[in-house]
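Single-letter residue listing:
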Amino acid sequence: MVHKIIEWSMQNRFIVLVLSAGLFIWGIFSVQKNPIDAIPDLSENQVIVFTEWMGRSPQLIEDQVTYPLVTNLQGIPKIKYVRGSSMFGMSFIYVIFEDDVDVYWARERVMERISTISKTLPDGVTPQLGPDGTGVGHVLWYTLDAPDMDLGEQRAIQDWYVKFALQNVPGVSEIASFGGFQKQYQITVDPNKLLYYKLTVPQVIAAVRANNNESGGRKFEMSDIGYIIKTSGYLKSLEEIANIPVKNQNGTPIKVSDLATVQMTGETRLGIFDQDGEGERAGGIVVMRYGENAAEVIDKVKAKMNEVAKGLPKGVKFDIVYDRGELIKESVDSIKNTLIEEMIVVSIIVFIFLFHWRSALSIIIQIPITIAASFILLNAFGISSNIMSLTGIALAIGVIVDNGIIMSENAYKHLAERYELWEKNQNKTTTS
């Protein structure tokens, strides 16, 4: 079979050259389309189900949330196994699928199953899917450099302006905020006053919820003009919360301010983010979507940051604390330089030992064609250009030229034998 292929190639050199040129051009386009990253994504094909039930112990979370979810999610097709983890107020379910399963198909199957399980969970417990990213999807971290702004304002800018803008960037799965204070209205109830007025905490909660509501009426016509009736009842200030009546005793309303202290404060924090020992900051983590080009996503996020920075308050700017783009650039440049150096060294050695430029050219030309063709296979199997894949190509350069060197040496040997036989025949002819 091999002999026939070689014989056909020798008889159809032009076709072989055209096919080689086409393969090389196809490989060049594949190089441009191949996603670039610093490290290979070896994470499992998984879907994360996150459930929050704050204030409950890990054992209660395990019994009433984690266990029911794990047992019901095990019947999904093409699944390998399900892992569950329970902690204080939170439950994490890791649904691991087969490697050849599309991640979005897997997320749809998990979402369908969750919709049927939610009815059996405690009231107020709603499972939700995690982002469609992987364990190596954190491509960029940034903070807001705002020395004259308190942490609550920094977190508000991050959550209500920066986050929404960066989430629209193609390839971004999630912007995870961290640091600062999340502002909230806090009602601190005095138990002694509750006892004095013969009230309970649920009554205070019910009164606040009932007064933080907006309802609509209907449309009616008067004097050939249509009017729409609605009520505006959303709470907008601390004073409005303090003036909410909880109960009426002997014609005197008992307000929230008579029972508790109302203030604007931050949500309870489980940790802080300190940058370079210079103080706390608020910021976000850019999580890349599954299977995206990391270098391209980072460039788009940075371009979007330049647009968003124009709308930030005076004196506030972005400070990038982790940028995988620099690691990607340095890693890929290092491997590319190694590839070029190896190609040059191999070409020089081949030319010196053969000392025949046509033979050396036939061997050297295999290197760029083979490398370009390898990227066609990388795209076909969904493998990115990273340290591992490019290093494999660099190590294979020696193997690439071996075949050409062996074929050239074999051709030289046969030519030498024929030349020697021809000389003998000439000498015999001359003698006779």
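By the naming in an unreviewed UniProt entry, the protein chain goes by CzcA family heavy metal efflux pump and is assigned to Pedobacter africanus.

Draft legend 1. The side chain of Asp-145, seen in detail. Mapped onto the elements of the fold, Asp-145 is located in strand β5 (residues 138-145). A relative accessible area of 18% means that Asp-145 is categorised as buried. Of the polar contacts made by the side chain of Asp-145, one reaches the side chain of Arg-281; its length is 3.3 Å. Discounting chain neighbours no more than four positions away, the residues touching Asp-145 are Arg-281, Gly-315, Val-316, Lys-317 and Asp-319.

Draft legend 2. A look at a nonpolar patch on the surface. Taken together, the side chains of Ile-340, Ile-344, Val-345, Ile-348, Ile-349, Ile-352 and Phe-353 present a nonpolar region at the surface, about 710 Å² in accessible area. You can see Val-345 is positioned in helix α10 (residues 324-354).

Draft legend 3. Seen up close, the layout of surface pockets. Reported here for the largest pocket is a volume of approximately 1,600 Å³. Surrounding the largest pocket, 31 residues form its lining, Met-10, Ser-362, Gln-366, Met-407 and Ser-408 being those nearest its centre. Here the lining of the largest pocket gets 11 residues from one element, more than from any other, and that element is helix α14 (residues 397-431). Counted by class, the lining of the largest pocket contains 16 nonpolar, 12 polar and 3 charged residues.

Draft legend 4. Structural detail: the sheet that holds β5. If you walk across this open sheet you meet the 4 strands as β6-β13-β5-β14, and the pairing is antiparallel. The sheet is open, and its two edges are formed by β6 (172-178) and β14 (317-323), each paired on a single side. Strand-to-strand twist of the sheet, defined as the mean angle between neighbouring strand axes without regard to direction, takes the value 25°. The sheet contact formed by β6 and strand β13 (residues 283-288) spans 6 bridges and is antiparallel. Looking at β13, one finds that Glu-174 is bridged to Val-287.

Draft legend 5. Spatial organisation of the side chain of Arg-155. Position of Arg-155 among the secondary structure elements: in helix α5 (residues 151-166). By relative accessible area, Arg-155 is classed as buried at 10%. Other than its neighbours up to four places away in sequence, Arg-155 contacts Ser-177, Phe-178, Gly-179, Gly-180, Phe-181, Gln-182 and Ala-282.

Draft legend 6. How the structure looks around the nonpolar core. By size, the foremost hydrophobic cluster in this structure holds 43 residues, and its most contacted members are Tyr-142, Val-162, Val-286 and Phe-318. Considering each element in turn, this core owes the most residues, 7 residues, to helix α9 (residues 294-308). Grouped together as the second largest cluster of nonpolar side chains are 22 residues, Val-49, Ile-79, Ile-93 and Ile-114 included.

Rules used throughout
Residues numbered from 1 in each chain as written. Predicted model: local features only at pLDDT ≥ 70, side-chain atom pairs only at ≥ 80, totals over all residues. Heavy atoms only, no water. Helix = DSSP H or I, 4+ residues; strand = E, 2+ residues; numbered from the N terminus. Buried < 20%, exposed > 50% of the residue type's maximum accessible area, 1.4 Å probe, protein only. Polar contact = N/O pair within 3.5 Å; in protein donor to acceptor, adjacent residues only side chain to side chain. Contact = heavy atoms within 4.5 Å. Patch = residues over 30% accessible without salt bridge, like charges linked within 9 Å, V, L, I, M, F, W, Y side chains within 5 Å. Areas by Shrake-Rupley, 256 points an atom, 1.4 Å probe, with all protein chains shown as cover. Salt bridge = Lys/Arg side-chain N within 4 Å of Asp/Glu carboxyl O. 1 Å grid on protein atoms, 1.4 Å probe; cavity = no way out; pocket = protein on both sides within 12 Å on 5 of 7 lines; lining within 4 Å. Points joined across faces, edges and corners; volume = space filled by probe spheres on them. Nonpolar A, V, L, I, M, F, W, Y, C, P; charged D, E, K, R; others polar. Pairing = 2+ DSSP bridges. Axes fitted to C-alpha atoms, helices over the stretch in contact; angles between N-to-C directions. Core = buried A, V, L, I, M, F, W, Y, C linked by side-chain atoms within 4.5 Å.

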